[in-house]
Every structure is written in C-alpha cells, then in structure tokens.
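Take a look at the letters that make up each chain.
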Amino acid sequence: PFRPAKPAKFHVYALTDSGETQLDFAFTDGDNDGTLSTGTERIDVLTRPVGATLSTSDITWRLELDLTDQASRGPLVPPGAGDVWRLRLRVPFEAGDRFQFTTVGETAAATAAGGEPYVVPNPYLGAASFEPAPFNIKGRGERRIEFRGLALGATVRVYNVHGDLVQTLRQDGSFDGFLAWNLRSKDNLDVAPGLYVYRVEAPGVPGFTGKFAVVK
C-alpha cells in the first residue's frame, strides 16, 4: 500500500513510560527535498502490533503544513540538523475515535482467608465492635455476627442444639468472603442465648461444620 522506502532525514519517536519508542512513518515528499515544504506533502505516523505488516489502516497521526495566509507570515523556514519538534496532545475524545480493550473474569480463592470458615465474635457477648451504634431509636438496635472465610456462593445454615433450622444465609456472590447475620431467626425473631451449630456448603468446596455461642 506504500511506495518503496527511501532514506529520510528525520526519525519519529513516541515518548512512553519506558522511554522513547521509534515509530514507522510514511513521508509523501513531492519535491524530494527531504522536508515538508508544500501543502500536498505529509508525514503519516503509523502504529502497529509487533511483527505485523504495515498498512494504511495503521495511520495514527498525520502531519501537514497549514499554508493559509503564508504570504503574510513570510517564507517557510526549513528545519536544520539537530532540530526537534515535540508534540503534546491535550484533546477530548472525538467522533470516530476507536478504542479496543479486553476484560477477563474475576476469580477468588476457595475461601477468602485461605482456611476454614469461622464466626466473629465467638462467643457473642451482647454486642460486637463492628455493630452500628443506635441513633435516635428506642431499644438496643441491631445485633450482628459475621461468618468469615467463606467460599464464593456459600450457603450457611444455622441450627440450635436440638437440630432445628434457625436461619439460612447465602453469600451474595461478592468477593468479600463473609456473611453478616442479625441474630434473627427465619421467623424474624431474636434468637435465644445458647449454643448454635452452623453448616457451610459451597460449590466445589468441602462442607464445614462449626459452632458458636450467644450470651446475653
């Protein structure tokens, strides 16, 4: 798609975080003087994946002379040896701009803690440090314990010592690895003080059984 290459009197570099990277370019030099000297000449700066074949679709920037009212500005001054032209771009996104990106699925370890699930605090002694303080309300306010070190998508079932199901909790798919419980039963009643057993099950992870106590 381009004419045969011939030596040029300049190089084009991109300044990146890792230093200067030399870029390919296509120079249309109608009068063969080695500089941009007419309104029909241009420098097309190209970018491409490493090892790919150059094509016109790789043109990223185009440099041309603006000769509008050039007569009033005087004659063109061609660049000399050692001259450097630096371009810094501060422009908004424009119509026609195209961006390409790749995303990958987020993953999590089998358990956030890398070990067995556990309860905090255990035993629950009437209050926990992470409970929100009551504000302008009557009564004790919210009670709360946390099941931590849970695998993604885990289900926690809480039983009393008689084997009755008290509450079922499900991890919501977040990557925090814990579940909070307000110490209320599936019938929305405050649980009584005593010993409780919990069973944790999650896809692809062995089940775990533990216990905790509630003390008022």
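See the structure above.
Keep in mind the model is a prediction, meaning the values are calculated, not measured.

> Residues and numbers for the sheet that holds strand E6 (residues 124–125), please.
Pairing is mixed in the open sheet, where five strands are placed in the order E6-E12-E11-E8-E9. Single-partner strands in this sheet number two, and they are E6 and strand E9 (165–170). Here five bridges tie strand E8 (residues 155–160) to E9, and the two strands are oriented antiparallel to one another. Across the sheet, Thr 155 pairs through a bridge with Arg 170, a residue of E9.

> If you had to explain the nonpolar core to someone new, which residues and values would you point to?
Core analysis: the biggest nonpolar cluster contains 22 residues, and Ile 145, Phe 147, Val 156, Val 158, Trp 181, Tyr 198 and Phe 212 have the highest contact counts within it. Every element with two or more residues in this core is listed here: strand E7 (145–148), E8, E9, strand E10 (178–181), strand E11 (194–202) and strand E12 (205–215). Per-element accounting of this core gives the leading share, four residues, to E11. Setting aside its immediate chain neighbours within four residues, Trp 181 contacts Arg 143, Arg 144, Ile 145, Phe 147, Val 158, Val 166, Gln 167, Leu 169, Val 191 and Phe 212.

> Explain the pattern of salt bridges to me, using residue names and the numbers behind them.
Side chains that differ in charge, positive against negative, can pair when their charged atoms come close. One pass over the structure, following the stated rule, counts eight salt bridges. The salt bridge involving Arg 62 is made with Asp 44; its shortest N-O contact spans 2.5 Å. Separated by 18 residues along the polypeptide, Arg 62 in strand E4 (residues 59–64) and Asp 44 in strand E3 (residues 42–46) bring together distant segments of the chain. Assessed through its relative accessible area of 45%, Arg 62 is described here as partly exposed. Among the salt bridges present, the one from Asp 190 reaches Arg 143, with a minimum N-O distance of 3.9 Å. You can see Asp 190 sitting in the loop between E10 and E11 and its partner Arg 143 sitting in the loop between E6 and E7, a full 47 residues away along the chain. Owing to a relative accessible area of 8%, Arg 143 belongs among the buried residues under this scheme.

> Any details on the layout of surface pockets? Residues and values, ideally.
Taken as a whole, the largest pocket spans an internal volume of roughly 1,600 Å³. What lines the largest pocket is a set of 37 residues, among which His 11, Val 12, Val 84, Trp 85 and Arg 86 lie closest to the centre. Only strand E1 (12–16), strand E2 (19–28), E3 and E4 provide two or more residues apiece to the lining of the largest pocket. Of all the elements, E1 adds the most residues to the lining of the largest pocket, at five residues. Its residues placed into classes, the lining of the largest pocket shows 22 nonpolar, nine polar and six charged.

> Pulling in residues and values, what's your account of the side chain of Gln 70?
Tracing the backbone shows Gln 70 in helix H1 (residues 70–73). In this structure, Gln 70 is in contact with Pro 75 and Leu 76, ignoring residues within four places of it in sequence.

> Break down the side chain of Glu 41 for me, citing the residues and quoting the values.
Here Glu 41 shows up in the loop between E2 and E3. A distance of 3.1 Å separates a polar atom in the side chain of Glu 41 from the backbone nitrogen of Gly 30. A distance of 3.3 Å separates the side chain of Glu 41 from the backbone nitrogen of Asp 31, its partner in a polar contact. Excluding its chain neighbours within four sequence positions, the residues that come into contact with Glu 41 are Thr 28, Asp 29, Gly 30, Asp 31, Asp 33, Thr 35, Leu 36, Leu 63 and Glu 64.

> Give me the lowdown on the pairing of E1, citing residues and values where you can.
In the sheet, E1 pairs with E2 via five bridges, with the strands oriented antiparallel. Bridge pairing in E2 links Val 12 to Leu 23. Linking E1 back to E2 in an antiparallel pair, the connection comprises two residues.

> Break down the sheet that holds E10 for me, with residues and values.
Taken in spatial order, the three strands make up an open sheet running E5-E7-E10, and their pairing is antiparallel. The open sheet has two edge strands with one neighbour each: strand E5 (118–120) and E10. Along the sheet, successive strands turn relative to each other by an average axial angle of 25°, direction set aside. Inspection of the sheet shows E7 paired to E10 by four bridges, in the antiparallel sense. When the sheet's bridge partners are listed, Glu 146 is paired in E10 with Ala 180.

> Outline the packing of aromatic side chains, listing residues and values.
Evaluated as defined, the whole model comprises nine aromatic pairs. Between Tyr 198 and Phe 208 the ring centres are 6.2 Å apart and the planes differ by 50°, which places this aromatic pair in the tilted class. With Tyr 198 in strand E11 and Phe 208 in strand E12, this pair connects stretches of sequence that are 10 residues apart. When sorted by exposure, Tyr 198 lands in the same class as Phe 208, which is buried. The structure contains a cluster of three or more aromatic residues connected by ring pairs, namely Phe 147, Trp 181, Tyr 196, Tyr 198, Phe 208 and Phe 212.

Basis of the calculations
- Residues numbered from 1 in each chain as written.
- Predicted model: local features only at pLDDT ≥ 70, side-chain atom pairs only at ≥ 80, totals over all residues.
- Heavy atoms only, no water.
- Pairing = 2+ DSSP bridges.
- Helix = DSSP H or I, 4+ residues; strand = E, 2+ residues; numbered from the N terminus.
- Core = buried A, V, L, I, M, F, W, Y, C linked by side-chain atoms within 4.5 Å.
- Buried < 20%, exposed > 50% of the residue type's maximum accessible area, 1.4 Å probe, protein only.
- Contact = heavy atoms within 4.5 Å.
- Salt bridge = Lys/Arg side-chain N within 4 Å of Asp/Glu carboxyl O.
- 1 Å grid on protein atoms, 1.4 Å probe; cavity = no way out; pocket = protein on both sides within 12 Å on 5 of 7 lines; lining within 4 Å.
- Points joined across faces, edges and corners; volume = space filled by probe spheres on them.
- Nonpolar A, V, L, I, M, F, W, Y, C, P; charged D, E, K, R; others polar.
- Polar contact = N/O pair within 3.5 Å; in protein donor to acceptor, adjacent residues only side chain to side chain.
- Axes fitted to C-alpha atoms, helices over the stretch in contact; angles between N-to-C directions.
- Phe/Tyr/Trp six-rings, centres within 6.5 Å; stacked < 30°, edge-to-face > 60°.

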